[in-house]
Amino acid sequence: MRIRLGPVIAAAVAAVLAFSVTFVHASSLPLTTPPGVHQTSSNQVIRNDVRDRFNTRATAPLVGRATEFDGGGGWAADAGPTWSTFTSGVPSADWVNLSSNSVQRPTGSGYSAALVSWLVRQSRVQIEMRQLSPTSGGGVIMGADPTGADGLAAVGFHDGSGFRFGIFLLSAGSLSPCSPWLDMGARPGNRWRIQLTFTPATGGIASATLARFGGGGGTFDVASTCSTASASGAHSGLLSTNADPT
């Protein structure tokens, strides 16, 4: 299938998904509630990270899987927030871990989000995607509400003639351009690394980078051109509009 604008985000395979946060207060840890919910301003610089390498050795649902957490003492397995997955705002099981250390959305239709609860202050989210083709597209969301219907997204996609990259503001399940769409040409390469950084609580300007590896490699940077103040939710993760073999 060909991915077009409207909803523009298709399913993604991620070898590594990582979130980083700085300039936060660590009073809400350990992660018994969404990180950042009870945090306050602090002059102390603290960095907390959560990641998932999707290293399940057999096909298994993503929903309920625990991430790894590093609060400064090294990575600890199953110590971070767990994944939740939603299709059209309703809990679903469209996303699965694969035996190849990746995650995929092989079934389902309509808008879908795979999310973990995470900090709402200065944050960075990064995903690595492989098995790309003209039918592939994908991205990350941060500052999202619990079902992924609202937030800020950075996506690479195919518009019917070539690959594009941009930032979009998601509101009530609808995407609005929040940056120029960058033309990446006709070749996807063999791996994309998409990174989005912003401070959702302040509505500051967000920036995103897509690094493309393999044939037709390159780095593409965009900056938000609209207010991100509404993207102040406590979740981050992956987005998809259709099942896709990526």
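Reading the values: the criteria
- Residues numbered from 1 in each chain as written.
- Predicted model: local features only at pLDDT ≥ 70, side-chain atom pairs only at ≥ 80, totals over all residues.
- Heavy atoms only, no water.
- Helix = DSSP H or I, 4+ residues; strand = E, 2+ residues; numbered from the N terminus.
- Contact = heavy atoms within 4.5 Å.
- Areas by Shrake-Rupley, 256 points an atom, 1.4 Å probe, with all protein chains shown as cover.
- Disulfide = S-S within 2.5 Å.
- Buried < 20%, exposed > 50% of the residue type's maximum accessible area, 1.4 Å probe, protein only.
- Core = buried A, V, L, I, M, F, W, Y, C linked by side-chain atoms within 4.5 Å.
- Phe/Tyr/Trp six-rings, centres within 6.5 Å; stacked < 30°, edge-to-face > 60°.
- Lys NZ or Arg CZ within 6 Å of the ring centre and 35° of its normal.
- Pairing = 2+ DSSP bridges.
- Polar contact = N/O pair within 3.5 Å; in protein donor to acceptor, adjacent residues only side chain to side chain.

Undergrad: Got a sec to walk through the overall build of the chain? Specific residues and values, please.
TA: Broken down by element type, the chain carries zero helices and 19 strands. Long-range pairs, those at least 24 residues apart, make up 65% of the contacts in the chain between residues at least 6 apart in sequence. Put simply, the chain shows about 9,500 Å² of open surface, and 53% of that area lies on carbon and sulfur atoms.

Undergrad: Now, about the state of the cysteines: what can you tell me, with residues and values included?
TA: Applying the stated criterion across every chain, the model contains one disulfide. For C178, the disulfide goes to C226, at an S-S distance of 1.9 Å. Between C178 and C226, the S-S dihedral sits near -115°, and the bridge is therefore left-handed. Note that C178 is positioned in the loop between strand 14 (174–177) and strand 15 (182–185) and C226 in the loop between strand 18 (218–223) and strand 19 (235–242), a separation of 48 residues in sequence. Overall, C178 belongs to the buried group, its relative accessible area being 0%. Accessibility expressed as a relative area gives 30% for C226, which makes it partly exposed.

Undergrad: So what's going on with the nonpolar core? Which residues, and what values?
TA: Among the nonpolar cores identified, the biggest contains 33 residues, and L152, F165 and L196 are the most heavily contacted of them. Elements supplying a minimum of two residues to this core: strand 9 (109–117), strand 10 (123–130), strand 11 (138–144), strand 12 (151–158), strand 13 (163–171), strand 16 (191–198), strand 17 (207–213) and strand 18. Core analysis: the second largest hydrophobic core is formed by 13 residues, L115, A153, F157 and L170 among them.

Undergrad: Residue-level account of the packing of aromatic side chains, with values.
TA: Taken as a whole and judged by the stated rule, the model has six aromatic pairs. A ring pair is formed by F69 and W118, whose centres lie 6.4 Å apart and whose planes are at 70°; its orientation type is edge-to-face. Here F69, found in strand 4 (residues 68–70), pairs with W118, found in the loop between strand 9 and strand 10; they are 49 residues apart in sequence, far enough to count as distant. Per residue, the accessibility class of F69 equals that of W118, and both read buried. On the basis of an interplanar angle of 65° and a centroid distance of 6.0 Å, the ring pair of F157 and F168 is categorised as edge-to-face. A residue pair is termed long-range when its members are at least 10 positions apart, and F157 in strand 12 and F168 in strand 13 qualify at eleven residues. The pair formed by F157 and F168 is uniform in burial state, with each residue classed as buried. Grouping aromatic residues by their ring pairs yields a cluster made of F157, F168 and W181. The lysine or arginine in question, R51, covers the ring of W75, its NZ or CZ lying 4.1 Å from the ring centre.

Undergrad: Just give me the short version of the pairing of strand 18, but keep the residues and values in it.
TA: Bridge count between strand 17 and strand 18: six bridges; the pairing is antiparallel. When the bridges of strand 18 are listed, A208 appears paired with V222. A loop of four residues connects strand 17 with strand 18, the two strands running antiparallel in sequence, and G214 in this loop sits at a positive phi of about 90°.

Undergrad: Quick rundown of the sheet that holds strand 3 (residues 60–61)? Include the residues and the values.
TA: In spatial order, the strands read 3-7-8; together these three strands make up an open sheet with antiparallel pairing. With one partner strand each, in any of the chains shown, strand 3 and strand 8 (102–104) form the two edges of the open sheet. Bridge count for strand 7 (residues 96–98) against strand 8 is three bridges, and the pairing is antiparallel. For V96, the partnering residue across the bridge sits in strand 8 and is Q104.

Undergrad: Outline the environment of E128, listing residues and values.
TA: Tracing the backbone through its elements, the reader meets E128 in strand 10. Residue E128 is classed as buried on the basis of its relative accessible area, which comes to 9%. In the structure, E128 is positioned 65 residues away from R193 in sequence and 4.5 Å away in space, judged by C-alpha atoms. For E128, the side chain forms a polar contact with the side chain of R130, separated by 2.6 Å. Side-chain polar atoms of E128 contact the side chain of R193, separated by 3.1 Å.

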